[in-house]
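Observations on the three-dimensional arrangement
Here is how the chains run, residue by residue.
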Amino acid sequence: MNFIEFIFQDWAANSTSAKGRVILLLFRIANFCTTRKIYYYLGYPYRIFYKILVEWFFCIEIPWNTKIGRGLRIYHGQGLVLNSQVVIGNYCTLRHCTTIGNKQLPTGAISVSPVIGNYVEVGCNACIIGEITIGDHVTIGCGSVVTKSMPANAVVAGNPAVQIKTRLQAVEVA
Ligand SMILES: CC(C)(COP(=O)(O)OP(=O)(O)OC[C@H]1O[C@@H](n2cnc3c(N)ncnc32)[C@H](O)[C@@H]1OP(=O)(O)O)[C@@H](O)C(=O)NCCC(=O)NCCS
Ligand SMILES: CC(=O)OC[C@H](N)C(=O)O
């Protein structure tokens with residue numbers, strides 16, 4: 001992927017959200033610094049600019065080096081906080097007031113962060129924390145607190161979040 005393809009890889013997915021497009025364009029320019037060591041050094045001033053603009057003014061924290069697949073969609077573009085160790089697959093959707101990150105373990109150590117599959121849809125006000133895996137095509141309901149791994153195609157909701165149905169069942173009912 002060349003630079004232009006790299007920085008516009010989320011553009012089409014955010015066709016209904018100019019703000020989502022701008023935030024992810026700014027992120028991908030910073031994220032490009034992960035692709036070669038020379039860009040890590042050359043991109044340092046830009047990463048400071050990115051951090052100040054996106055964290056302080058847009059109130060979105062997506063660390064520059066977070067591993068995120070193509071086609072991420074951000075709806076509503078506020079109050080979103082990701083840990084840099086989070087891994088997100090292709091074509092996922094994140095909404096406002098959502099946190100994805102680590103937790104403190106009983107030993108006092110800090111856990112690793114979630115690994116999220118492809119085509120995962122996250123409702124608003126969700127917290128997804130700890131060493132867990134979210135399978136492909138999972139839907140996470142609004143207000144969910146997800147602390148356990150979830151299988152592919154699950155629709156999960158609640159605090160603590162549990163599987164309430166599969167995505168196929170959700171489609172059959174609709
Ligand atoms: C999780 C979700 C996808 C499920 O949708 P659905 O398949 O239509 O589910 P249903 O409405 O049939 O609900 C099934 C059960 O789960 C419960 N439930 C649904 N969403 C829930 C949620 N977010 N938290 C807790 N319980 C939830 C319902 O109350 C219902 O319980 P019941 O069987 O005791 O009556 C949806 O409710 C949701 O939360 N979507 C996120 C949307 C969002 O973020 N919108 C904001 C836009 S900005
Ligand atoms: C707040 C709201 O209903 O937003 C709708 C939007 N399409 C979304 O799914 O995020």
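A brief look at the structure comes next. Since this is a predicted model, take the numbers as computed values, not measurements. (Residues numbered from 1 in each chain as written. Chains lettered and ligands numbered in written order. Predicted model: local features only at pLDDT ≥ 70, side-chain atom pairs only at ≥ 80, totals over all residues. Heavy atoms only, no water.)

1. Examining the environment of valine 145
- Position of valine 145 relative to the elements: it lies in strand β13 (residues 145-146).
- Sequence spacing of valine 145 and valine 156 is eleven residues, and the spatial spacing of their C-alpha atoms is 9.6 Å.
- In this structure valine 145 touches Cys127, Gly158, Asn159, Pro160 and Ala161, once residues within four positions along its chain are discounted. (Helix = DSSP H or I, 4+ residues; strand = E, 2+ residues; numbered from the N terminus. Contact = heavy atoms within 4.5 Å.)

2. Some thoughts on the site of ligand 1
- Around ligand 1, a shell composed of 14 residues is seen, among which Gly123, Cys124, Gly141, Cys142 and Lys165 lie nearest.
- Here cysteine 124 contributes a backbone N or O atom positioned 3.0 Å from an oxygen atom of ligand 1.
- The side chain of lysine 165 places a nitrogen or oxygen atom 3.0 Å from an oxygen atom of ligand 1.
- Protein burial of ligand 1: of its 910 Å² of free accessible surface, 43% is covered by the chains.
- Within the residue set of the shell around ligand 1, elements represented by two or more residues are β14 (154-157) and β15 (162-166).
- For the shell around ligand 1, the class distribution of residues is six nonpolar, six polar and two charged. (Near = heavy atom within 4 Å. Polar contact = N/O pair within 3.5 Å; in protein donor to acceptor, adjacent residues only side chain to side chain. Areas by Shrake-Rupley, 256 points an atom, 1.4 Å probe, with all protein chains shown as cover. Nonpolar A, V, L, I, M, F, W, Y, C, P; charged D, E, K, R; others polar.)

3. Structural notes on the site of ligand 2
- By nearness alone, every residue bordering ligand 2 is listed as Tyr75, His76 and Arg95.
- Histidine 76 places a side-chain nitrogen or oxygen 2.8 Å from an oxygen atom of ligand 2.
- One nitrogen or oxygen atom from the side chain of arginine 95 is found 2.7 Å from an oxygen atom belonging to ligand 2.
- Across the complex, the protein chains shield 42% of the 300 Å² of accessible surface that ligand 2 would expose by itself.

4. Re the sheet that holds strand β7 (residues 99-101)
- One open sheet holds the five strands; their spatial order is β1-β4-β7-β10-β13, and the pairing between them is parallel. Sheet topology places β1 (60-61) and β13 at the edges, where each strand pairs with a single neighbour.
- Summarising the sheet, β1 and strand β4 (residues 80-82) pair through two bridges and their orientation is parallel. Within the sheet, the bridge partner assigned to isoleucine 60 lies in β4 and is leucine 80. (Pairing = 2+ DSSP bridges.)

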